[in-house]
Amino acid sequence: MTSRGAPRGLEGGSHRNTAGGAIVTSPRDVVLNAWKTFSSRDPERIAALFAEDAEWIAPKGNATAIALDHTDHMKGSHQIGRFIAQEMHRLFSEIDIAFRGVYVDGDVVIVEERMRATLPGGKPYENEYCFVFEVVGDRIRQVREYMDTRKGWRMVFDEGL
């Protein structure tokens, strides 16, 4: 989701196969590879990371969904891929993501991050996020997204902090 390459904290540790693609060996690898691929802004490559019936669930009424007139509960790999590759960039530009931590328990991967971006009109955006990824095989089945919704609302709708 960053336009400046992979988020900080993802450097190194990636193995390549003979075709140059990443070898995914664990749920952690699946999720970290996904974050790297999000920056490609290629909806088909991004969709391929998710199970066909994947879900991405964000807090109801969050500022991003309202500002973009978009659902807070995406269903299906192609809807998710299109949102990450194209739609979110109508609201956020110059995206910079810094990882705070990556935690794994079986097929569940939790990512804590800070996202900074520029909003339309040049205003800055900065918020903390927590994503809970459920991985099945080499695909993401579900993402539950958490953030400071009030802080996001204030920045997106210019209500001051």
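First, a word on what this report is: a plain description of the structure on this page. Residue positions are counted from 1 within each chain, in the order its sequence is given. Totals for whole chains, interfaces and linings use every residue, but because this is a predicted model, local features are given only for residues with pLDDT of at least 70 and side-chain atom pairs only at 80 or more, for both listing and counting. Hydrogens and water are ignored here; the side-chain numbers use all heavy atoms of the structure.

1. Points about the side chain of Thr64
So, point 1. Among the secondary structure elements, Thr64 is positioned in helix H3 (residues 63-67).
So, point 2. By relative accessible area, which is 13% here, Thr64 ends up buried.
So, point 3. Among all residues touching Thr64, those that are not within four sequence positions of it are Phe83, Leu91 and Phe92. By definition, any uninterrupted DSSP run of H or I lasting at least four residues is a helix, any uninterrupted run of E lasting at least two residues is a strand, and each is numbered from the N terminus. A simple rule labels every residue: compare its accessible area, found with a 1.4 Å probe on the protein chains alone, to the largest value its type can have, and call it buried under 20%, exposed over 50%, or partly exposed in between. Every residue pair with non-hydrogen atoms within 4.5 Å of one another is taken to be in contact.

2. Details of the pairing of strand E4 (residues 108-118)
In regular strands, side chains alternate between the two faces of the sheet.
So, point 1. When DSSP finds two or more bridges between two strands, those strands count as paired. Here strand E3 (residues 93-105) runs beside E4; their pairing, made up of 10 bridges, is antiparallel. Within E4, the position partnered with Tyr103 by the bridge is Ile110.
So, point 2. Where E4 and strand E5 (residues 124-136) come together, 11 bridges link them in antiparallel fashion. Note that in E5 the partner of Glu112 across the bridge is Cys130.
So, point 3. Hairpin remark: E4 followed by E5, antiparallel, with five residues in the connecting loop; positive phi at Gly121, about 90°.

3. A closer look at the packing of aromatic side chains
So, point 1. Each Phe, Tyr or Trp ring, with Trp reduced to its six-membered ring, pairs with another whose centre is within 6.5 Å; inter-plane angles below 30 degrees give stacked pairs, above 60 give edge-to-face pairs, and intermediate values give tilted ones. The final tally for this structure, using the stated rule, is 13 aromatic pairs.
So, point 2. Pairing Trp56 with Phe133 gives two aromatic rings, centres 6.3 Å apart and planes at 80°, and the pair type is edge-to-face. With Trp56 in strand E1 (residues 50-57) and Phe133 in strand E5, this residue pair connects regions lying 77 residues apart in the sequence. An identical accessibility class is assigned to Trp56 and Phe133; each is buried.
So, point 3. With 5.7 Å between their ring centres and 5° between their planes, Tyr129 and Phe131 make a pair best called stacked.
So, point 4. Overall, Tyr129 belongs to the buried group, its relative accessible area being 7%.
So, point 5. What makes Phe131 buried here is its relative accessible area of 2%.
So, point 6. A connected cluster of aromatic rings, assembled from ring pairs, spans Trp35, Phe38, Phe50, Trp56, Phe99, Tyr129, Phe131 and Phe133.

4. A short note on the nonpolar core
So, point 1. Here, the term nonpolar core denotes a set of buried Ala, Val, Leu, Ile, Met, Phe, Trp, Tyr and Cys residues that are joined through side-chain atoms within 4.5 Å. Counting 40 residues, the largest nonpolar core has Trp35, Phe38, Phe50, Trp56, Phe92, Tyr125 and Phe133 as the members making the most contacts within it.
So, point 2. Those elements that provide at least two residues to this core are helix H1 (27-38), E1, helix H4 (77-85), E3, E4, E5, strand E6 (139-147) and helix H5 (149-156).
So, point 3. At six residues, the largest contribution of residues to this core is made by H1.
So, point 4. Setting aside its immediate chain neighbours within four residues, Trp56 contacts Phe38, Phe50, Asp72, His73, Met74, Ile80, Ile84, Phe131, Val143 and Glu145.

5. What about the pattern of salt bridges?
So, point 1. Take a side-chain nitrogen of Lys or Arg and a carboxyl oxygen of Asp or Glu: if they are within 4 Å of each other, that pair is a salt bridge. Under the criterion given, the structure shown has 10 salt bridges.
So, point 2. Notably, a salt bridge pairs Asp53 with Arg141, separated by 3.9 Å at the nearest N-O pair. Within this pair, whereas Asp53 is found in strand E1, its partner Arg141 is found in strand E6, the two being separated by 88 residues in sequence.
So, point 3. Its salt-bridge partner being Glu134, residue Arg144 comes within 2.6 Å of it at the nearest N-O pair. Of this pair, Arg144 sits in strand E6 while Glu134 sits in strand E5; the two residues are 10 residues apart in sequence, bridging distant segments of the chain.
So, point 4. Judged by its relative accessible area of 22%, Arg144 falls in the partly exposed class.

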